[in-house]
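Coordinates in review
This is what each chain is made of:
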Amino acid sequence: MLNPVKVGILGLGTVGGGTVSTLQKNADEIARRAGRGIVVTHACAKEINKAYPYDTDNIKLTDQLIDVVNQPDIDIVVELIGGTTIALEIILKAIQNGKHVVTANKALIAKHGNEIFAAAQEKGVMVAFEAAVAGGIPIIKALREGLAANEIAYIAGIINGTSNFILTEMREKGSDFSEVLAEAQDLGYAEKDPTFDIEGVDAAHKLTILASIAFGIPLQFDKVYMEGITKISNEDVKFADELGYKIKHLGITKRTDKGIELRVHPTFVAKKRLIANVEGVMNAVLVDSDALGESLYYGAGAGALATGSAIIADLVDVTRTLTTDPGNRVPHLAFQALADLPIVAIEEIETSYYLRISANDTLGVLAYITSILSEQNINIEAIIQKEPIEGTEEVTIVILTYKVVEKNLNKAIETIEKLDAINGQVTHIRVEN
Ligand code: HSE
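This write-up is about the structure you can find in this document. (Residues numbered from 1 in each chain as written. Predicted model: local features only at pLDDT ≥ 70, side-chain atom pairs only at ≥ 80, totals over all residues. Heavy atoms only, no water.)

1. Examining the overall build of the chain
Helix and strand content of the chain: 14 helices and 17 strands. Along the first, second and third principal axes, the C-alpha atoms of the chain reach 80 × 45 × 35 Å. A buried classification covers 54% of the 433 residues belonging to the chain. The contacts in the chain between residues at least 6 apart in sequence include a share of 73% that link residues at least 24 apart. Only carbon and sulfur atoms are counted for the fraction: they give 49% of the accessible area of the chain, which is about 19300 Å². The chain carries 40 positive and 58 negative side-chain charges, and their two centres are separated by 6 Å. (Helix = DSSP H or I, 4+ residues; strand = E, 2+ residues; numbered from the N terminus. Buried < 20%, exposed > 50% of the residue type's maximum accessible area, 1.4 Å probe, protein only. Contact = heavy atoms within 4.5 Å. Areas by Shrake-Rupley, 256 points an atom, 1.4 Å probe, with all protein chains shown as cover. Lys, Arg positive; Asp, Glu negative; His and termini not counted. Charge placed at Lys NZ, Arg CZ, Asp CG, Glu CD.)

Okay, structure coming up:
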């Protein structure tokens, strides 16, 4: 067998720990798969004198990132520090030094991947990022290689475990968003600053990557339409249930005649769909492609061992292809030539909607609402009106529409909100069929 491949890890936190412990535990099996051993020889950690729950005797620890990327005998650098500033600098430095790179950093790939891949291409090194999307699920591998025969039409993913956990708990326990968020923070599922997860930013990073490898387009994070789960009320969760749906936070990318849709938002999904039954912190990605048809990839989207599993899969891949001519390797974004397809503005997408309207129970209010909708060519699929809230004249009207171009729905909502009998804003959530 050839000498082991030498790896330097930047960051020995949760994922770094999961990666090192599995590399050590399954060393023989991994060597048998890769054709040679894969050993961590250097690591950069915040605390170099701490006792780690895995063997660090043969790992040279430093608290300086540059010490690792400048090590002449390291073949692969694993970046697990996160963020988009120092991580970008250090990855570019590693590439410049001729190192292959494995990263779990979705924000970095989504925002700077085009630049990183160009630098890697020039140097003839690989940058692998399986762990950046849906944690341990091998979705990059599946899309980029397993589905290489297919023209991909559509991807919908539950790609943020924190949001999925919060929505699941809201539905199962009837709790409010803020209560569940606090619980998620206590359990360590949500960060102290949960903005990236609950505002859809994390899902948008992952969707950017999925869309690029599905359609062979450059990474375009700034064009993703992004909406998080912070405005989902308990009332909407209950109405969804009554109508036969669950609310899921989805990342959706779709090939249409107008171009590529790129959007993350809360979505009504029929309860009978498999993806609607992905609960808690689990992730799943549904792909529709012309030859295979629908396929669904399910698993843990985070966690030390699960994410470490994806990092090690990349290490094995890189190890196997070290001697391959760069032109014969799997392209970073799946296609040898990228296409310049337009990204569809959110106002131009066509989808169905759930509308929740609070109105005063006056004569003709429902007739006004339905005529405004029909003026915009919006066809109603279902409608519920509850009796007035006790002690008031206030009624809740819930409407499911057939497909409509979003700008027409926006016009209708604007007109409805101006009616005297309407209280506050019209809640609207997209429905995915
Ligand atoms: N914060 C992410 C999530 C996990 O909640 O899914 C890592 O991507």
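2. Topic: the packing of helix α6 (residues 139-146) against helix α10 (residues 201-215)
Geometrically, a packed helix pair is captured by the angle between its two axes and the distance between the axes. For the pair α6 and α10, interaxial distance at closest approach is 9 Å and the crossing angle is 15 degrees. In terms of orientation, α6 lies roughly parallel with respect to α10. Like other packed secondary-structure pairs, α6 and α10 cross with a definite hand, here right-handed. Contacts between α6 and α10 involve I139, I140, L143 and R144 from the first element and I209, L210 and I213 from the second. (Axes fitted to C-alpha atoms, helices over the stretch in contact; angles between N-to-C directions. Parallel < 35°, antiparallel > 145°, perpendicular 65-115°, else oblique. Left-handed = near helix turned anticlockwise from the far one by under 90°.)

3. Notes on the packing of aromatic side chains
Evaluation of the coordinates by the stated rule reveals five aromatic pairs. Ring geometry for Y52 versus Y54: centroids 5.6 Å apart, planes at 35 degrees, classification tilted. The burial state of Y52 is the same as that of Y54; both residues are buried. When the centroid spacing of 5.6 Å and the interplanar angle of 45 degrees are considered together, the rings of Y245 and F268 count as tilted. Placement of Y245 in strand β9 (residues 245-256) and of F268 in strand β10 (residues 259-270) is noted, with a sequence separation of 23 residues between them. Summarising the burial analysis for this pair, Y245 and F268 share the class buried. Following the ring pairs from residue to residue traces out a cluster consisting of Y245, F268 and Y354. (Phe/Tyr/Trp six-rings, centres within 6.5 Å; stacked < 30°, edge-to-face > 60°.)

4. Observations regarding unusual backbone geometry
Phi is positive for A134, which is not a glycine, with a value near 60 degrees. The topology assignment puts A134 in the loop between β6 (127-128) and α6. The exposure class assigned to A134 is buried, which follows from its relative accessible area of 0%. For A334, which is not glycine, the phi torsion reads 75 degrees and is therefore positive. Mapped onto the fold, A334 is located in the loop between α12 (304-320) and β13 (350-360).

5. Focus on the sheet that holds β6
If you walk across this open sheet you meet the six strands as β3-β2-β1-β4-β5-β6, and the pairing is parallel. Looking at which strands have only one partner, the edges of the open sheet turn out to be β3 (60-62) and β6. Sheet analysis places strand β5 (residues 100-103) next to β6, joined by two bridges and oriented parallel. In the strand pairing of β6, V101 is matched with V127. Helix α4 (residues 86-96) rests against β1 (5-10), β4 (76-79), β5 and β6 of the sheet, and its axis sits at about 150 degrees to β5. (Pairing = 2+ DSSP bridges.)

6. Concerning the pattern of salt bridges
Applying the stated criterion across every chain, the model contains 25 salt bridges. E169 serves as the salt-bridge partner of K173, at 2.6 Å between the closest nitrogen and oxygen. Taken as a pair, K173 and E169 lie in helix α7 (residues 161-173) at a separation of four residues, close to a single helical turn. By relative accessible area, which is 53% here, K173 ends up exposed. A salt bridge links K206 to D202, with the nearest nitrogen and oxygen atoms 2.6 Å apart. One end of the pair, K206, and the other, D202, are both in helix α10, four residues apart, so they sit about a helical turn from each other. Among the residues examined, K206 registers a relative accessible area of 6% and is labelled buried. Three or more residues joined by partner-sharing salt bridges are found here, namely R171, E172, K246, K248 and E279. (Salt bridge = Lys/Arg side-chain N within 4 Å of Asp/Glu carboxyl O.)

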